[in-house]
Amino acid sequence: MAFANQAAVSLDNAQLFEESVQRAMQLNERSQRLALLNRVSSELNTTLDTDRIAEIAAREMSNAIGNARVAAVLFDLVDQTGRLVAEQPANFLQPALPAFSLDGDPLTQRLRETALPVTLNDVAQSDLLAAPMRQALIGAGARTLLVVPVVTGDNVSGCVLINRPDRDQYTPGEIELAQTIANQTAIALDKARLFATV
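Visitor: With reference to specific residues and values, describe the overall build of the chain.
Guide: If you tally the helices and strands in the chain, you get 5 helices and 6 strands. The C-alpha radius of gyration of the chain comes to 21 Å, more than 25% above the 16 Å expected for a compact globule of 198 residues. Each principal axis of the C-alpha atoms in the chain carries an extent, and together these give about 80 × 45 × 30 Å. Residue pairs at least 24 apart in sequence account for 55% of intrachain contacts in the chain once pairs closer than 6 positions are excluded. In the form shown here, the chain has an accessible surface area of approximately 10,800 Å², with 53% of it arising from carbon and sulfur atoms. A gap of 3 Å separates the mean positions of the 16 positive and 23 negative side-chain charges of the chain.

Visitor: Help me get a handle on the sheet that holds strand β4 (residues 118-120), residues and values and all.
Guide: Taken together, 6 strands build an open sheet; the order of strands is β3-β2-β1-β6-β5-β4 and the sheet is antiparallel. Both edges of this open sheet fall to β3 (100-101) and β4, since each of them pairs with a single strand only. Of the pairings in the sheet, the one linking strand β2 (residues 81-88) to β3 comprises 2 bridges and is antiparallel in character. Among the inter-strand pairings, G82 is bridged to a residue of β3, identified as F100. Of the strands in this sheet, β1 (69-76), β2 and β6 (155-163) are in contact with helix α2 (residues 50-64), which crosses β2 at around 50°. Along the sheet, helix α5 (residues 172-197) makes contact with β1, β4, β5 (145-152) and β6, crossing β5 at roughly 35°.

Visitor: Residue-level account of the nonpolar core, with values.
Guide: Of all hydrophobic cores here, the largest spans 28 residues; its most connected members are M61, V70, I162 and A178. At the level of secondary structure, the elements contributing two or more residues to this core comprise α1 (2-44), α2, β1, β2, β5, β6 and α5. The element contributing the most residues to this core is α5, with 8 residues. Core analysis: the second largest hydrophobic core is formed by 26 residues, A71, F75, A136 and L145 among them.

Visitor: Explain the pairing of β5 to me, using residue names and the numbers behind them.
Guide: With 7 of 8 residues buried, β5 is to be regarded as a mostly interior element. In this sheet, β6 lies alongside β5 in antiparallel orientation, the contact comprising 7 bridges. From the neighbouring strand, P149 faces β6, where its bridge partner is C159. Where β5 folds back onto β6 in an antiparallel hairpin, the turn is made up of 2 residues, including G153, whose phi is positive at roughly 65°.

Visitor: An account of the pattern of salt bridges is needed here, citing residue identities and associated values.
Guide: Per the counting criterion, the structure on display carries 7 salt bridges. With a closest N to O distance of 2.4 Å, R59 and E43 form a salt bridge. Here R59, found in helix α2, pairs with E43, found in helix α1; they are 16 residues apart in sequence, far enough to count as distant. Relative accessible area serves as the criterion here: at 22%, R59 is assigned to the partly exposed category. A salt bridge links R83 to D51; the nearest nitrogen and oxygen atoms lie 3.1 Å apart. Here D51 lies in helix α2 and R83 lies in strand β2, a separation of 32 residues in the sequence. For D51, a relative accessible area of 24% corresponds to the partly exposed category.

Conventions we followed
- Residues numbered from 1 in each chain as written.
- Predicted model: local features only at pLDDT ≥ 70, side-chain atom pairs only at ≥ 80, totals over all residues.
- Heavy atoms only, no water.
- Helix = DSSP H or I, 4+ residues; strand = E, 2+ residues; numbered from the N terminus.
- Rg over C-alpha atoms; globule rule 2.2 N^0.38 Å.
- Contact = heavy atoms within 4.5 Å.
- Areas by Shrake-Rupley, 256 points an atom, 1.4 Å probe, with all protein chains shown as cover.
- Lys, Arg positive; Asp, Glu negative; His and termini not counted.
- Charge placed at Lys NZ, Arg CZ, Asp CG, Glu CD.
- Pairing = 2+ DSSP bridges.
- Axes fitted to C-alpha atoms, helices over the stretch in contact; angles between N-to-C directions.
- Core = buried A, V, L, I, M, F, W, Y, C linked by side-chain atoms within 4.5 Å.
- Buried < 20%, exposed > 50% of the residue type's maximum accessible area, 1.4 Å probe, protein only.
- Salt bridge = Lys/Arg side-chain N within 4 Å of Asp/Glu carboxyl O.

Shown next as structure tokens:
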């Protein structure tokens, strides 16, 4: 009987140890994520240049999501055009992606309707991509794509295209992290545009 009790206590201790290791790992991941977001926020607030803000966002998203290939596109809401302003690594889509019209663009319409990230599991077959965008992505070797809107006020003022050639799916944590960085980017862009009007 004493042996059985000791065995039960040992099993309980092993389970408690495993749970404490898991909690420690989760706390470490949260701590790293908060440190990353703090660094990104601080760096985004060092400039009022919208292209530089997009460059910082692209670089930080690339690093945060396992060296993903990232392209930042800003929308000109007056001219209704989108233009590629930053890439990580350089020349991921340049010069293959020209400025494009937002009118009638299915991906832009989806982003405007939902203001939520869009995952495309097959770039070649997606009906959300207009021909120039699809051709540029296929030319860059992209099969899947995560598209995260940059929402300022009530408007989608751009988007971030994220591609991991080694992956077919994005985790909920990666999507949430990308959206959080996009939200920080939107705040920085809003501040830069407000400052430019003063």
